[in-house]
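# Structure assessment
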Amino acid sequence: MSVVSLQLGQCGNQIGQELFSVISDDSNGPNRKKYKQCSDERFFYESSTGELVARSVLVDMEPKVISQAIAKASKSGRWRYGDKAHFSQKQGSGNNWANGFCVHGPRHEEAVEDMVRMEIERCDRLAGIFTMMSVAGGTGSGVGTYITQHLRDLYPQSFILNQITWPYGAGEVIVQNYNSVLTLSHLYQLSDAILVHENDTVHKICSHLMNIKHMSISDINMVIAHQLGSVLQPAYTADSPCHYNRNPIGELLSSLVCHPEYKLLSLSNIPQMSSTSLAYSVFNWPGLLKHLRQMLIASARMEEGIDWTVNATSGGDSVTNHDRHKNFNSSLANLLILRGKDISTAVTDGFKDPALYVPWLKTENCFSTWNSPVTFNGYEKSATLVSNSQYLLKPLDNIVRKAWNMFASRAYVHQYTKFGISEEDFLDSFTALEQIISSYTHLS
């Protein structure tokens with residue numbers, strides 16, 4: 001089964017290009033014939049000349065970023081984008097969500113729809129639609145949200161998984177919190193799940209773990225692409241223990257989204273380090289899984305600086321529900337993906353502890369494991385945890401609070417109303433996100 005991707009706006013197009021490069025390079029390693037066949041079927045199709053072409057549509061209101069992505073892909077020599085699978089104009093949305101959603105989206109929906117339909121028709125079977133975008137801008141978030149809404153209407157039975165990039169806490173765009181509130185409130189109704197990457201977290205990974213002194217946007221996008229690839233590349237699952245899973249998005253969603261009120265997914269991946277350090281490092285499964293579990297319960301953004309004093313308690317007579325929420329990160333569901341050597345020796349019992357999960361679900365339904373003996377992207381052993389938990393509560397609450405403070409003084413609201421977003425639309429978005437915050441706060 002194949003995944004059709006949409007790269008939306010500058011952020012989505014840059015991450016998408018890096019993702020397909022990671023997938024292509026990883027699949028072309030030694031001794032991975034079946035792995036490569038499954039990966040290629042999932043993400044690429046073969047052109048009439050025998051070239052691998054990404055199953056992806058590129059959308060931006062300005063041509064520069066798309067041109068750069070196409071040029072980088074072609075330069076790799078391993079794969080390229082389709083000749084008619086990209087759409088751009090010569091006028092952007094000016095970081096205005098309303099301009100993207102109310103003007104550019106409706107104006108160009110048919111052109112983008114045709115491109116997506118062509119990619120879907122090339123699939124023998126569609127596993128789902130995977131979109132990549134920022135939540136903070138105008139094109140990626142405004143146009144991207146409109147396109148997602150249109151695709152949901154066109155393909156109501158298909159899975160839609162959104163990957164979104166959360167803005168820096170101190171961002172350069174003054175209205176980024178408005179854009180984020182509007183994007184998240186809409187996508188939450190349209191998508192089956194939203195997989196979130198925080199720019200602040202990825203920035204710290206680049207700086208502290210990968211020791212990058214002069215960081216670029218490309219470095220950040222490569223980390224995000226590495227993490228996404230560790231989830232999307234072929235693996236064995238409980239439903240497919242002898243063959244690589246054929247329905248990656250469907251199985252991801254069935255493992256993590258058991259209730260439509262809870263759709264926010266976070267991602268942690270270890271180890272991540274510079275190639276120089278990697279050459280002199282040795283990892284073992286007990287150490288990796290111990291760190292990953294503590295990252296989960298302590299809401300740690302990376303394996304450096306974990307608070308080891310946080311413990312998961314079962315909430316007996318001496319521990320109130322309030323204490324449980326205060327003391328550790330409670331989960332609805334977790335998916336652990338192990339890749340590399342000696343995975344049969346990895347003991348995952350620490351993630352099966354009932355104390356980690358909500359009491360109204362059976363623990364055996366809350367935790368899933370995927371694995372692959374194939375090493376991933378140069379790492380002899382690597383572990384990825386995709387979590388539906390309270391992990392994103394704090395950053396979500398911060399965005400809503402900052403946006404509400406601006407809205408209370410009606411700052412910049414006129415820039416949205418002139419394109420068709422009313423104050424009532426803002427209030428509806430705030431209400432929707434406050435409900436999400438409440439749901440996750442009272443998870444157990």
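Everything quoted here is computed from the prediction, not taken from an experiment. (Residues numbered from 1 in each chain as written. Predicted model: local features only at pLDDT ≥ 70, side-chain atom pairs only at ≥ 80, totals over all residues. Heavy atoms only, no water.)

Mean pLDDT over the protein chain stands at 90; residues scoring 70 or higher make up 96%. Counting contacts from residues 315-326, a segment whose pLDDT is below 50, to residues more than four positions away or on other chains yields 15 contacts. (pLDDT = per-residue confidence, 0-100. Contact = heavy atoms within 4.5 Å.)

Okay, the layout of surface pockets next. What the second largest pocket holds in volume is close to 650 Å³. In terms of lining, the second largest pocket is formed by 32 residues, of which the most central are Glu198, Arg301, Tyr391, Lys394 and Pro395. Elements that contribute at least two residues to the lining of the second largest pocket include exactly α6 (176-190), α7 (199-209), α12 (321-327) and α13 (393-408). For the lining of the second largest pocket, the element with the highest residue contribution is α13, accounting for six residues. The residue inventory of the lining of the second largest pocket, partitioned by class, reads 13 nonpolar, 11 polar and eight charged. (1 Å grid on protein atoms, 1.4 Å probe; cavity = no way out; pocket = protein on both sides within 12 Å on 5 of 7 lines; lining within 4 Å. Points joined across faces, edges and corners; volume = space filled by probe spheres on them. Helix = DSSP H or I, 4+ residues; strand = E, 2+ residues; numbered from the N terminus. Nonpolar A, V, L, I, M, F, W, Y, C, P; charged D, E, K, R; others polar.)

Let us look at empty space enclosed by the protein. A full pass over the atoms with the stated rule returns four cavities of 30 Å³ or more. Of the voids in this model, the largest cavity is the one considered here, and its volume is about 100 Å³. Every residue along the wall of the largest cavity is listed here: Val196, His197, Glu198, Thr201, Val202, Ile205, Gln227, Ser266, Leu267, Ser268, Arg301 and Tyr391. Elements with a contribution of two residues or more to the lining of the largest cavity: β8 (193-198), α7 and β9 (264-270). Grouping the constituent residues of the lining of the largest cavity by class yields five nonpolar, five polar and two charged. In this structure, the second largest cavity spans a volume of roughly 70 Å³. Ser266, Leu267, Ser268, Leu292, Met295, Leu296, Leu385, Ser387 and Tyr391 together form the lining of the second largest cavity. A per-class count over the lining of the second largest cavity returns six nonpolar, three polar and no charged.

Let us look at the packing of aromatic side chains. One pass over the structure, following the stated rule, counts 19 aromatic pairs. A ring pair is formed by Phe407 and Phe430, whose centres lie 5.6 Å apart and whose planes are at 55°; its orientation type is tilted. With a gap of 23 residues between them, Phe407 in helix α13 and Phe430 in helix α15 (residues 423-441) connect regions that are remote in the sequence. The pair Phe407 / Phe430 is uniform in exposure class, with both members buried. An aromatic cluster is defined as three or more aromatic residues linked by ring pairs; in this entry it consists of Tyr178, Trp404, Phe407, Tyr416, Phe426 and Phe430. The ring of Phe376 has Arg339 lying over it, and the distance from NZ or CZ to the ring centre is 5.9 Å. (Phe/Tyr/Trp six-rings, centres within 6.5 Å; stacked < 30°, edge-to-face > 60°. Buried < 20%, exposed > 50% of the residue type's maximum accessible area, 1.4 Å probe, protein only. Lys NZ or Arg CZ within 6 Å of the ring centre and 35° of its normal.)

Turning our attention to the environment of Tyr146. For Tyr146, the location among the structural elements is in helix α5 (residues 139-154). The class for Tyr146 is buried, based on a relative accessible area of 13%. Here the alpha-carbon distance between Tyr146 and Leu52, two residues 94 residues apart in the chain, equals 30 Å. If we ignore the near neighbours within four places in the chain, the residues touching Tyr146 are Phe101, Gly105, Pro106 and Glu109.

Scanning all chains against the criterion turns up 16 salt bridges. Between Asp353 and Arg293 there is a salt bridge; the shortest N-O distance is 3.3 Å. Taken together, the positions of Asp353 in the loop between β10 (331-340) and β11 (367-372) and Arg293 in helix α11 (residues 285-297) put the pair 60 residues apart, joining distant regions of the chain. Exposure remark for Asp353: the relative accessible area of 25% places this residue in the partly exposed category. The network of salt bridges with common partners includes Glu51, Arg80 and Asp83. (Salt bridge = Lys/Arg side-chain N within 4 Å of Asp/Glu carboxyl O.)

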